[in-house]
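Each chain, letter by letter, is given below.
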There are 4 protein chains.
Amino acid sequence: MLSLGSGPVLRVPCIIVNFKVYQQGYGKTGLKLLKDLERASKGHEGQVAAAVAAIDIRHFADGSALPIFSQHIDPIGFGAHTGHVLPEAVKEAGAVGTLINHSERRLTIADIGAAVSRCREVGLLSCVCTNNVDTSAAVAALGPDYLAVEPPELIGGTVSVSSARPEVVSGSVVRVRKVNDKVKVLCGAGVKSGKDVAKAIELGSSGVLLASGVVTAKDVAAVMRDLLAGLK
Amino acid sequence: MLSLGSGPVLRVPCIIVNFKVYQQGYGKTGLKLLKDLERASKGHEGQVAAAVAAIDIRHFADGSALPIFSQHIDPIGFGAHTGHVLPEAVKEAGAVGTLINHSERRLTIADIGAAVSRCREVGLLSCVCTNNVDTSAAVAALGPDYLAVEPPELIGGTVSVSSARPEVVSGSVVRVRKVNDKVKVLCGAGVKSGKDVAKAIELGSSGVLLASGVVTAKDVAAVMRDLLAGLK
Amino acid sequence: MLSLGSGPVLRVPCIIVNFKVYQQGYGKTGLKLLKDLERASKGHEGQVAAAVAAIDIRHFADGSALPIFSQHIDPIGFGAHTGHVLPEAVKEAGAVGTLINHSERRLTIADIGAAVSRCREVGLLSCVCTNNVDTSAAVAALGPDYLAVEPPELIGGTVSVSSARPEVVSGSVVRVRKVNDKVKVLCGAGVKSGKDVAKAIELGSSGVLLASGVVTAKDVAAVMRDLLAGLK
Amino acid sequence: MLSLGSGPVLRVPCIIVNFKVYQQGYGKTGLKLLKDLERASKGHEGQVAAAVAAIDIRHFADGSALPIFSQHIDPIGFGAHTGHVLPEAVKEAGAVGTLINHSERRLTIADIGAAVSRCREVGLLSCVCTNNVDTSAAVAALGPDYLAVEPPELIGGTVSVSSARPEVVSGSVVRVRKVNDKVKVLCGAGVKSGKDVAKAIELGSSGVLLASGVVTAKDVAAVMRDLLAGLK
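What counts, and where the lines are drawn
- Residues numbered from 1 in each chain as written.
- Chains lettered and ligands numbered in written order.
- Predicted model: local features only at pLDDT ≥ 70, side-chain atom pairs only at ≥ 80, totals over all residues.
- Heavy atoms only, no water.
- Least-squares fit on C-alpha atoms with pLDDT ≥ 70 in both.
- pLDDT = per-residue confidence, 0-100.
- Contact = heavy atoms within 4.5 Å.
- Salt bridge = Lys/Arg side-chain N within 4 Å of Asp/Glu carboxyl O.
- Helix = DSSP H or I, 4+ residues; strand = E, 2+ residues; numbered from the N terminus.
- Buried < 20%, exposed > 50% of the residue type's maximum accessible area, 1.4 Å probe, protein only.
- Polar contact = N/O pair within 3.5 Å; in protein donor to acceptor, adjacent residues only side chain to side chain.
- Nonpolar A, V, L, I, M, F, W, Y, C, P; charged D, E, K, R; others polar.
- Axes fitted to C-alpha atoms, helices over the stretch in contact; angles between N-to-C directions.
- Parallel < 35°, antiparallel > 145°, perpendicular 65-115°, else oblique.
- Left-handed = near helix turned anticlockwise from the far one by under 90°.

The next subject is the relation of the copies chain A and chain D. When chain A is fitted to chain D, the best match, at an RMSD of 0.0 Å, comes from turning it 180° and sliding it 0.0 Å along the axis. Here the copies are linked by what is in effect a two-fold axis.

To continue, consider the confidence of the model for chain A. Residue and element names in this part refer to chain A. Per-chain confidence: chain A averages 92 in pLDDT, with 96% of residues scoring 70 or above. Confidence over residues 1-5 falls short of pLDDT 50; this stretch has 10 contacts with residues more than four positions distant or in other chains. Predicted as a complex, the structure gets a pTM of 0.94 and an ipTM equal to 0.94.

Another point: the pattern of salt bridges. With the rule as written, the count across this model stands at 48 salt bridges over all chains. Residues A:E92 and A:R58 are paired through a salt bridge, measuring 2.9 Å at the closest nitrogen-oxygen approach. Of the two residues, A:E92 is situated in helix α3 (residues 87-92) and A:R58 in helix α2 (residues 57-61); the sequence distance between them amounts to 34 residues. You can call A:E92 partly exposed: its relative accessible area is 26%. Residue C:R165 pairs with C:E167 through a salt bridge whose shortest N-O separation is 3.2 Å. On the basis of relative accessibility, which here comes to 44%, the residue C:E167 falls in the partly exposed class. Salt bridges sharing common partners tie together A:K28, A:D56, B:R58 and B:E92.

Quick look at the interface of chain A and chain D now. Taken together, the 17 residues of chain A in the interface contact 17 residues of chain D. For the pair chain A and chain D, the interface holds 0 salt bridges. Here chain A and chain D share 2 residue pairs in polar contact (both at pLDDT 80 or more) between them. Among the elements of the structure, α4 (109-122), α5 (133-140) and α7 (166-179) of chain A are those that each provide at least two residues to the side of chain A that touches chain D. The element best represented in the side of chain A that touches chain D is α5(A), accounting for 5 residues. Classifying every residue of the side of chain A that touches chain D by side-chain character gives 10 nonpolar, 4 polar and 3 charged.

Next up on the list: unusual backbone geometry. Residues and elements named next belong to chain C. With omega at 0°, the peptide bond leading from V12 into P13 counts as cis. Inspection of the secondary structure assignment puts P13 in the segment before β1 (14-18). Positive phi, normally seen in glycine, also occurs at K20, with a value near 45°. Within the fold, K20 resides in the loop between β1 and α1 (27-41). Judged by its relative accessible area of 8%, K20 is buried. A positive phi is found at N101, a non-glycine position, where the angle reads about 65°. As for its position among the elements, N101 is in the loop between β4 (97-100) and α4 (109-122). A relative accessible area of 1% places N101 in the buried class.

Moving on, we get to the packing of helix α1 (residues 27-41) of chain D against helix α10 (residues 220-229) of chain D. All names here are of chain D. Taken N-terminus to C-terminus, the directions of α1 and α10 make an angle of 45°; their axes are 9 Å apart at the nearest point. Judged on the interaxial angle alone, α10 and α1 are oblique. α1 and α10 meet at a crossing whose hand is right-handed. Contacts between α1 and α10 involve L33, D36, L37, A40 and S41 from the first element and V220, A221, M224, R225 and L228 from the second. Among the residues forming the contact of α1 with α10, the class breakdown is 7 nonpolar, 1 polar and 2 charged.

Here it is, written out as structure tokens:
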């Protein structure tokens, strides 16, 4: 159980499902998907969260049993910014945290640092995405709550991290612990099944971040049950 | 009256108020601002629209008497995009249009062209921001519904476009008409009062895009009444 | 013959060879490639130019019989910019022009406009890359000397523009002529052979921009002779 | 004395002068400036290096007594990149190292990591710029040879780091040592005089990175002698 004083909490191990902008993951159909995830994860030890587009945060968060993450925030405060995602607005809309620096939305290192700081200020959990062991260690120095390591060659592919690049996860866990042992490492790519989840946990991670494997699944409930079984 | 077949409509002359991420323009306080704008513009010939952050579109649009614009869309379709603004989602959340390429959110020319096309496909009005006469003429070739010319030296300042750079507006109107006479030109900076609005219309524009002058005003209703008087 | 008063000249029809950062196109080997191009194009009507990395402009331009283009400039003047390409420096180093907005180095529309203006101020020829008919028409309004239209689906591929997308070239020529008939249109992708060059000219273009087909060729001289034959 | 096997060397303490694209720092006048720096630093213990635009590397490095740095490299290898700075080309042109992630040329964290790796592969010294203590610690994890911390509020200003923000330098030195004690910390802003240099060294740094104070000085030799006196 991670607690930030009176701040938001997300139990680990956890599964964060990134809805991206898949047709199944936005608006009305996205809300249905969220309810499917709620039902499938009910009664399980591990916690499931959903990372959704800014436009959907408020109506997804309203009444949701699962914590909602934004997919991105900008490292800004109130003022003259157009087309940006204000951390205060993400919090007010009901999200408990946010992804930062996803491989599809990269930031400069100065902006990642500023975004993590802004999360702390407004009371949002931060989960920064990284692409290898070195950048995991680097991000750990910025003090986010979580980081999700996504080896680019595994993103969206069919290869499992447990078979193909286990050292990226275990190496990130070791290096991150040395730099800042409060940062939880998630496995951010190469996870398709409960077996992969179990392997990710075995490698020292505190959970997984995944997307298409759940969002575009024919039987979402079955996939989620399998993934959750891997958390034990 | 601009009509896109069965698509959205925005009467001209118009005033588009960009809420940016001012403290007064998001969440609960932003909703109150929107209601103030509704009341102030009731019964006026000219149409008022609000350009708001993606996170606020749905709850602002729900029951709004004023058309809602997004501040930005990404030129993407369904799929693997994280932290982006999907045109389909903007439409589904209740917006009738979107700003594109605001000076605080610049895009490449390829992306502007693709964003305008995506607006047409999903039935959103497009309003592309430009920074001088040349870029206004260039954007006109991409066929947006509106373009708002914002000379950088006037943005956020106290100088009025009517006194300082009237030729940017009148020049944009002339050049745009030659390239594509269906594109309506708005005056996107240097407008603080009804007198400025009247001057912008006199220079050939179809309305104005403004922000802080309204959003951070002490008496929003009074400012709006003054601006609307300038439309006549 | 294009003449800008006392400015630089590039005869049309022309072939601009983009050296990119291929191993064959930089430093000592790049200089050898340039000499091969010089020899192969000697005595031909059509003019051949080389677009090279900033780091190589000075020593390639020194004594070159072929005009040298930069691959990029930044729309800046003297001052506090680090890691940028100053137009004055490109001119002083001996280049006669520059590519702008190549598909591998996209700029915002405001920056393209400013870069074209800076070229005029310092006396460099400008060649702006575009990706379809609409963006070609848009760029024409900015008044560059040339534009090179590169349909993304043809870049680096084996498909010929003459067979696959001839209407992108002919359509660009028509639209550009209406917006600004001083702008010369080049065919920027899908050209592999003299037959493709001939087709590009037949479609109304003033030449071609190409890269790997020449730079990575086993027999550069033979390829160039074939391409130049297509210009007639 | 820093030695990378058979790689490049830069003695510390050092002064790196960033020529930016000041009128005094490019082309012929820049070469004259470099010779002035050579003369002024002759016989001094501390080492002076010049960070220059890619276009000037080759002719500045040719015969230079001072080591030349590039202002930027792209994290790329040979291939289809246009308008980019290839590490191999920087090396071949005669530079011994490069700045990375300058405040005027920010990169994503993934790209900084990749650029540092590429420097190691081709035998270039890497000096990554950071903006505060947290990002200094983060960058240390990526293993560059140097990092230069530049508090944004001191860049280009008249305030001295020794009086205004000494804890940013001393704090960076402490945090960097914990993460990776092979990384040398430079003071990258707020240095105008020999007194500032002495203070930067006293705070634990291995030297300074500065620009306008030298490049735009009326009497460059006098300024350099003063700065070098501060290294002792």
